[in-house]
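Commentary on secondary and tertiary structure
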Amino acid sequence: SKSQYQGDLDPALVVSFAKKVVEATGDEFNIDVNAMSAQEILQRLNVLGMNSAGILFGNFKCRIVHFDLEGDILDQSDRKGLYNILDDQFIEYIQSWTRKQGTAIRGSSTSAPEELRYPVKALREILAIAVAHSLYQKHQGDVVVELHPNRITARNNCSLEAKAFVN
């Protein structure tokens, strides 16, 4: 997006993202994450001052909501900087939380599924789509990830009409 962003940025998120870029592209962008500041990294990636940097590393937020088996909200929290929900740790968090929800008690022992409950590629895609929709919104949209014991949903309530029907 060519829209401008002048808000605060989380340097730790920028560095985490830059490490992933270097891992995926090698030396193509000539980024030394240990020697460059967050601003220098963003300038090298050609997103310094752009809305895309604000979405990924700034004040754009995602609401994470946990539900119980009855569909009631257990808790909810916000994460600023939408790269927070695209990184490997969040994907593992989803897998871990849903794996724990699948733990069964049989007699005097417990068993938990070891396999990943959701394909990692599918999780990355739904989260990336929700984040990408933030680019098209004047007021950042409203990214929500809902973790249920038996499913997850991720969306961006982009319009005022959609926000009216949340919860």
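These remarks concern the structure in this document. (Residues numbered from 1 in each chain as written. Predicted model: local features only at pLDDT ≥ 70, side-chain atom pairs only at ≥ 80, totals over all residues. Heavy atoms only, no water.)

**Re the overall build of the chain**
Looking only at helices and strands, one finds six helices and six strands in the chain. Its helices and strands in sequence order give the chain the pattern α-α-α-β-β-α-β-β-α-β-β-α, from N to C terminus. Taken over 167 residues, the chain has a buried fraction of 37%. Of all intrachain contacts in the chain linking residues separated by at least 6 positions in sequence, the fraction that spans at least 24 positions is 55%. As presented, the chain carries roughly 10,000 Å² of accessible surface, and 51% of it is formed by carbon and sulfur atoms. (Helix = DSSP H or I, 4+ residues; strand = E, 2+ residues; numbered from the N terminus. Buried < 20%, exposed > 50% of the residue type's maximum accessible area, 1.4 Å probe, protein only. Contact = heavy atoms within 4.5 Å. Areas by Shrake-Rupley, 256 points an atom, 1.4 Å probe, with all protein chains shown as cover.)

**Thoughts on the pairing of strand β6 (residues 152-156)**
The pairing of strand β5 (residues 143-147) with β6 spans five bridges and is classified as antiparallel. By the bridge assignment for β6, V144 is matched with R155. The antiparallel pairing of β5 with β6 creates a hairpin that spans four residues between the two strands. (Pairing = 2+ DSSP bridges.)

**Quick look at the environment of I126**
Following the sequence through the fold, I126 ends up in helix α5 (residues 120-132). With 40 residues separating them in the primary sequence, I126 and L86 have C-alpha atoms 9.8 Å apart.

**Quick word on the nonpolar core**
With 35 residues, the main nonpolar core has F57, I85, I94 and V145 as its most contacted residues. Counting residues per element, the ones that place at least two in this core are α1 (11-25), α2 (38-44), α3 (51-57), β1 (61-67), α4 (88-101), α5 and β5. Apart from the residues within four sequence positions on either side, V145 is in contact with C62, R63, I64, V65, I85, F90, L127, T153 and A154. (Core = buried A, V, L, I, M, F, W, Y, C linked by side-chain atoms within 4.5 Å.)

**A closer look at the sheet that holds strand β2 (residues 73-80)**
Pairing between the strands of a sheet comes from backbone hydrogen bonds, and it takes one of two forms, parallel or antiparallel. Across the sheet, four strands lie side by side as β2-β1-β5-β6; this open sheet has mixed pairing. The open sheet has two free edges, formed respectively by β2 and β6, since each of these has just one partner strand. The sheet shows a mean angle of 15° between the axes of neighbouring strands, taken without regard to direction. Pairing of β1 with β5 involves five bridges; the strand directions are parallel. The residue of β5 that forms the bridge with C62 is V143. (Axes fitted to C-alpha atoms, helices over the stretch in contact; angles between N-to-C directions.)

**What to know about unusual backbone geometry**
Positive phi outside glycine occurs at N30, with the angle close to 55°. Looking at where N30 falls in the secondary structure, it is placed in the loop between α1 and α2. Overall, the relative accessible area of 48% leaves N30 in the partly exposed class. Phi at N46 is positive, roughly 65°, even though this residue is not glycine. One can find N46 in the loop between α2 and α3.

**Some details on α1**
For the α-helix, the turn length of 3.6 residues means that residues three or four positions removed from each other point alike. Between its terminal C-alpha atoms α1 stretches 21 Å, which fits the 21 Å expected from 15 residues at 1.5 Å a residue. What α1 keeps buried is the set L13, V14, A18 and V21. Each buried residue of α1 sits inside an arc of 135° when the element is viewed along its axis, so together they form one side. Turned more than 90 degrees off the buried face of α1, the exposed positions are A12 and E23. On its buried side, α1 packs onto α2, α3 and β2. The backbone nitrogen of A12 has a side-chain oxygen 2.9 Å away, supplied by the residue at the start of α1, namely D10. Looking at the residues trailing α1, positive phi occurs at G26, about 75°. (Expected span 1.5 Å × (residues − 1). Arc of directions from axis to C-beta. Polar contact = N/O pair within 3.5 Å; in protein donor to acceptor, adjacent residues only side chain to side chain.)

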